[in-house]
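# Structural overview
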Amino acid sequence: SQTIHQWPATLVQPVGSPLSLECTVEGTSNPNLYWYRQAAGRGLQLLFYSVGIGQISSEVPQNLSASRPQDRQFILSSKKLLLSDSGFYLCAWGSGGAGYNEQFFGPGTRLTVL
Amino acid sequence: AQKVTQAQTEISVVEKEDVTLDCVYETRDTTYYLFWYKQPPSGELVFLIRRNSFDEQNEISGRYSWNFQKSTSSFNFTITASQVVDSAVYFCALRGSNYKLTFGKGTLLTVNP
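Below: a short report on this structure. (Residues numbered from 1 in each chain as written. Chains lettered and ligands numbered in written order. Predicted model: local features only at pLDDT ≥ 70, side-chain atom pairs only at ≥ 80, totals over all residues. Heavy atoms only, no water.)

## Description of the overall build of chain A
Across its full length, chain A carries zero helices and 11 strands. Counted from the first residue to the last, chain A has its helices and strands arranged as β-β-β-β-β-β-β-β-β-β-β. Here chain A has a C-alpha radius of gyration of 13 Å; the compact-globule value for 114 residues is 13 Å, and the two agree. Over its C-alpha atoms, taken along the principal directions, chain A stretches across nearly 40 × 25 × 20 Å. Expressed as a percentage of its 114 residues, the buried residues of chain A come to 48%. Look at the contacts in chain A between residues 6 or more apart in sequence, and 55% of them connect residues 24 or more apart. Here chain A has roughly 5100 Å² of accessible surface; of this, 55% comes from carbon and sulfur atoms. (Helix = DSSP H or I, 4+ residues; strand = E, 2+ residues; numbered from the N terminus. Rg over C-alpha atoms; globule rule 2.2 N^0.38 Å. Buried < 20%, exposed > 50% of the residue type's maximum accessible area, 1.4 Å probe, protein only. Contact = heavy atoms within 4.5 Å. Areas by Shrake-Rupley, 256 points an atom, 1.4 Å probe, with all protein chains shown as cover.)

## Some remarks on the pattern of salt bridges
Residue and element names in this part refer to chain B. Enumeration according to the criterion identifies seven salt bridges over all chains in this entry. The closest approach of N and O atoms between R51 and D55, which form a salt bridge, is 3.1 Å. The shortest N-O distance in the salt bridge between R51 and E59 comes to 2.7 Å. A residue is classified by how much of its surface remains accessible, and R51, at 7% relative accessible area, is buried. With a relative accessible area of 31%, E59 lands in the partly exposed category. Connected through shared salt-bridge partners, R51, D55 and E59 make up one network. (Salt bridge = Lys/Arg side-chain N within 4 Å of Asp/Glu carboxyl O.)

## Details of the state of the cysteines
Residue and element names in this part refer to chain B. All chains considered together, the criterion is met by two disulfides over all chains. Disulfide partner of C23: C92, at an S-S distance of 1.9 Å. Around the S-S axis, the bridge from C23 to C92 shows a dihedral of about -65 degrees and counts as left-handed. Here the residue C23 occupies a position in the loop between β3 (19-21) and β4 (24-26), and C92 occupies one in strand β10 (residues 88-95), the gap between them amounting to 69 residues. Here C23 and C92 have matching classes, each one buried. (Disulfide = S-S within 2.5 Å.)

## Digging into the interface of chain A and chain B
In many analyses, interface size is given as the accessible surface area lost on bringing the parts together. The interface is formed by 25 residues belonging to chain A together with 23 residues belonging to chain B. Of the roughly 1900 Å² buried between chain A and chain B, counting both surfaces, carbon and sulfur atoms make up 56%. If you look at where chain A meets chain B, you find two salt bridges. With its nearest N and O atoms 3.3 Å apart, the salt bridge here joins E59 of chain A to K100 of chain B. Linking chain A with chain B are four residue pairs in polar contact (both at pLDDT 80 or more), by the criterion used here. Elements supplying a minimum of two residues to the side of chain A that touches chain B: β4 (32-38), β5 (44-52), β9 (87-94) and β10 (103-105) of chain A. When the residues that make up the side of chain A that touches chain B are grouped by side-chain class, the tally is 13 nonpolar, eight polar and four charged. (Buried area = accessible area lost by both parts, 1.4 Å probe. Polar contact = N/O pair within 3.5 Å; in protein donor to acceptor, adjacent residues only side chain to side chain. Nonpolar A, V, L, I, M, F, W, Y, C, P; charged D, E, K, R; others polar.)

## Considerations on the nonpolar core
Nonpolar side chains tend to gather and get buried jointly when the protein is soluble and globular. All names here are of chain B. Grouped together as the largest cluster of nonpolar side chains are 23 residues, with contacts concentrated most on W36, F75, F77, Y90 and L109. Elements that contribute at least two residues to this core include exactly β2 (10-14), β3, β5 (33-39), β8 (64-69), β9 (74-79), β10 and β12 (107-112). Residue contributions to this core peak at four residues, all from β10. Apart from the residues lying within four places of it in its own chain, the contact partners of F77 are V19, T20, L21, W36, L48, Y64, S65, W66 and Y90. (Core = buried A, V, L, I, M, F, W, Y, C linked by side-chain atoms within 4.5 Å.)

## Regarding the sheet that holds strand β8 (residues 73-78) of chain A
Residue and element names in this part refer to chain A. The strand order across the open sheet built from four strands is β1-β3-β8-β7, with neighbouring strands paired in antiparallel fashion. Two strands bound the open sheet, and with one partner strand each, they are β1 (3-7) and β7 (64-70). Each strand axis lies, on average, 20 degrees off the axis of its neighbour in the sheet, ignoring direction. Bridge analysis of strand β3 (residues 19-26) against β8 gives six bridges, and the strand direction is antiparallel. Pairing of L19 across the sheet is with S78, part of β8. (Pairing = 2+ DSSP bridges. Axes fitted to C-alpha atoms, helices over the stretch in contact; angles between N-to-C directions.)

In structure tokens, the structure reads:
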């Protein structure tokens, strides 16, 4: 069966510090991978998605970036965090190709920028 | 552009009551997929159901049922005999011709004992 891992679970960082959040998927190959942010107020905002190694699509211009160095690894980064980057970050995977593509979510990372 | 509207921001019921969560969607795609997710207080989104646009059969899974009506662009979710463990935020989502899910803003369901 497939599992998705995210770490760290919680993070408190000062403004201006760098960020690296990691997501890995097990039990599947060539998944589509996604990063979402959920700010207070519950809405889910798609940040990045990837359909393959090195292929990243950005949905919202901001000071975040994503990389996919391996098939089942997806990393969210920032060089300098802003207060507005605080939120709950969720990684998700879905079947590759044009399948039905329900997305399965990881446990999330709660980021607080002070 | 795709849009999902969950007009009910919060719903509060007493245990054993039935409750329906509304979802209305907009899309220009002729083939699309609708989803419901549950987000308990722990935060992880749990996939509940997928419905394809070409399959309007309603579905029942235990105490959960879903009513898909293309004519009104709605995909409503009913919990029968609600329980405290059903308390969560519920999201409706839509996927059209690309890889992306469009989520509604969610409905916070509180089931009181």
